[in-house]
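Spelled out from the first residue to the last, the chains are:
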Amino acid sequence: MADNLVIAGREFKSRLMVGTGKFASNSIMSRAIEKSGTEIVTVALRRVDIENKDDDMLSAIDSSKYLLLPNTSGARSAEEAVRLARLARAATGINWLKLEVTPDPYYLLPDPVETLKAAQILVKEGFVVLPYINADPVLAKRLQDAGVATVMPLASPIGSNQGLKTRAAIEIIIEQANVPVVVDAGLGLPSHAAEAMEMGADAVLVNTAIATADKPEEMAEAFKLAVQAGRMAYQCGPRAASRTANASSPLTGFLRSS
Amino acid sequence: MEMLKINGVDREFPAGQMPKTIAELLEQLRIETATVVAEVDGLIVEREKFAKTKLSKGQSIELVRFVPGG
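For clarity, every value in this text was computed on a predicted model and none was experimentally measured. (Residues numbered from 1 in each chain as written. Chains lettered and ligands numbered in written order. Predicted model: local features only at pLDDT ≥ 70, side-chain atom pairs only at ≥ 80, totals over all residues. Heavy atoms only, no water.)

Caption draft 1: Here's a closer look at the sheet that holds strand 6 (residues 96–99) of chain A. If you trace the three strands from one edge of the open sheet to the other, you get 6-7-8 (chain A), paired in parallel fashion. Pairing within the sheet leaves two strands with one partner each, and these edge strands are strand 6 and strand 8 (152–153) of chain A. (Pairing = 2+ DSSP bridges. Helix = DSSP H or I, 4+ residues; strand = E, 2+ residues; numbered from the N terminus.)

Caption draft 2: Molecular detail of the packing of helix 6 (residues 190–198) of chain A against helix 8 (residues 216–235) of chain A. All names here are of chain A. One can describe the packing of helix 6 onto helix 8 by two numbers: an axis separation of 7 Å at closest approach and a directional angle of 25°. Of the possible angle classes, the one that applies to helix 6 and helix 8 is roughly parallel. When you trace helix 6 past helix 8, the crossing you get is right-handed. Of helix 8, the residues touching helix 6 (which contributes P190, A193, A194, M197 and E198) are M219, A222, F223, A226, V227, G230, R231, A233 and Y234. In the contact of helix 6 with helix 8, the residues fall into 11 nonpolar, one polar and two charged. (Axes fitted to C-alpha atoms, helices over the stretch in contact; angles between N-to-C directions. Parallel < 35°, antiparallel > 145°, perpendicular 65-115°, else oblique. Left-handed = near helix turned anticlockwise from the far one by under 90°. Contact = heavy atoms within 4.5 Å. Nonpolar A, V, L, I, M, F, W, Y, C, P; charged D, E, K, R; others polar.)

Caption draft 3: How the structure looks around the packing of aromatic side chains. All names here are of chain A. Applying the stated criterion to the full structure yields two aromatic pairs over all chains. A ring pair is formed by F12 and W96, whose centres lie 6.0 Å apart and whose planes are at 80°; its orientation type is edge-to-face. With F12 in strand 2 (residues 10–12) and W96 in strand 6, the pair connects residues that are 84 residues apart, well separated along the chain. Residue F12 is classed as buried on the basis of its relative accessible area of 3%. For W96, a relative accessible area of 8% translates into the label buried. In this arrangement the basic side chain of R89 is found over the ring face of F127, its NZ or CZ atom lying 4.0 Å from the centre. (Phe/Tyr/Trp six-rings, centres within 6.5 Å; stacked < 30°, edge-to-face > 60°. Buried < 20%, exposed > 50% of the residue type's maximum accessible area, 1.4 Å probe, protein only. Lys NZ or Arg CZ within 6 Å of the ring centre and 35° of its normal.)

Caption draft 4: Main features of helix 8 of chain A. Residue and element names in this part refer to chain A. When the terminal C-alpha atoms of helix 8 are compared, their 29 Å separation across 20 residues agrees well with the 28 Å that a helix rising 1.5 Å per residue should span. Listing the buried residues of helix 8 in full gives P216, A220, F223, A226, V227, G230 and R231. One side of helix 8 carries all its buried residues, which in axial view fall inside an arc of 130°. Looking at the buried side of helix 8, the elements it contacts are strand 3 (16–19), helix 1 (26–36), helix 6, strand 10 (203–206) and helix 7 (208–211). After helix 8 finishes, the residue G237 shows a positive phi value of roughly 70°. (Expected span 1.5 Å × (residues − 1). Arc of directions from axis to C-beta.)

Caption draft 5: Highlighting the nonpolar core. Core analysis: the largest hydrophobic core is formed by 66 residues, its most contacted members being I61(A), L99(A), V151(A), V183(A) and V204(A). Looking at this core element by element, the count peaks at nine residues for helix 2 (residues 78–92) of chain A. If we skip the residues at most four places from it in the chain, I61(A) touches T20(A), M29(A), I33(A), V41(A), V43(A), Y66(A) and L68(A). Membership of the second largest hydrophobic core comes to 19 residues, among which are L4(B), V36(B), V40(B) and F50(B). (Core = buried A, V, L, I, M, F, W, Y, C linked by side-chain atoms within 4.5 Å.)

Caption draft 6: View of the pairing of strand 6 of chain A. All names here are of chain A. What you see with strand 6 is no split at all: W96 and K98 on one side and L97 and L99 on the other are buried throughout. Strand direction decides the pairing type here: strand 6 and strand 7 (residues 128–133), joined by four bridges, are parallel. By the bridge assignment, L99 is partnered in strand 7 with P131. Chirality of the crossover, the property in question, places the unit of strand 6, helix 3 (residues 112–124) and strand 7 among those that are right-handed. (Right-handed = clockwise from strand over helix to strand, strands pointing away.)

Caption draft 7: Examining the packing of helix 4 (residues 137–146) of chain A against helix 5 (residues 167–176) of chain A more closely. Residue and element names in this part refer to chain A. Two numbers describe how helix 4 lies on helix 5: the axes approach to 9 Å, and their chain directions differ by 30°. Regarding the angle of helix 4 to helix 5, the classification is roughly parallel. The way helix 4 lies across helix 5 gives a crossing that is right-handed. Residues P137, A140, K141 and Q144 of helix 4 lie in contact with helix 5, whose contacting residues are A169, I172, I173 and Q176. Looking at the contact of helix 4 with helix 5 residue by residue, the classes come out as five nonpolar, two polar and one charged.

Caption draft 8: Just helix 1 of chain A, in detail. All names here are of chain A. Within the sequence span of helix 1, burial applies to M29, A32, I33 and S36. Projected down its long axis, helix 1 shows its buried positions confined to an angular sector of 105°, all on one face. The first or second residue beyond helix 1 is G37, which carries a positive phi of 75°.

Caption draft 9: Representation of unusual backbone geometry in the model. Residue and element names in this part refer to chain A. Of note, the phi angle at L108 is positive, near 50°, even though the residue is not glycine. As for its position among the elements, L108 is in the loop between strand 6 and helix 3. When its relative accessible area of 31% is taken as the criterion, L108 is described as partly exposed. One non-glycine residue, N161, lies in the positive phi region at around 60°. Mapped onto the elements of the fold, N161 is located in the loop between strand 8 and helix 5.

Rendered as structure tokens:
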């Protein structure tokens, strides 16, 4: 049976989303995206640099193969996020949006109040909203009630490579969610991505760990395999950890007297 | 001189030489139209309306496009 990721009625074979930031060149980005097997890539929206216009990255992404997921990075309030969302929709003609509102420049943690406010407005305007949030189960539920398409709790601060620091809270989010849970931000190694998938996340989003590796293309493939392995393990019904040993070999028939 | 504010920066044009539409402005600045979205005084202008959207002096224009991001 096909094990596809379904977001807002659209099916995806890959459970790995890839961010396009920080690659050394468009061609490296393009090859890494290919190797990752992803079908969803994120992009940001910024002012055209009028003095230096050779910065068009869209030519490096085949939009027939990948869904472009514009983000609202840089937004510090709901109002700014909504403005960016509308511009992104005008630019792509598609209404999918990774909503992020991060007023704090040091940890780049998302603002829950402004994110919820923006999500409520954008859902009403017909956007498919994928909000980036702190791993807050109550907020995740509130967003779900507002009609978002997924929730995207952070594993640890963006680009920090710290892995699943919010594991316990993400477990609760997964347990309560009726929309896909995409673990985003801070996944620094394929093992972190596998861990998120093993615990039942529906997908993960990775950018920095791939883009800044010495070999981004190979790292993209490593993440692809880790996400597949983690998903497969989750479906196999993994057993819980126990404090004491449980012998794997029989405890009878030993070669000793009495 | 006539002025347009483009991406937050004032640009002056000799009288009579200010671009008349968004399409003309992009052409003057040598910006590839296909990947750009514009806002004039806070209102989004769809790409297919670039040639029809008249500019008047003093307007504030934002020209944005996609860049790499996570």
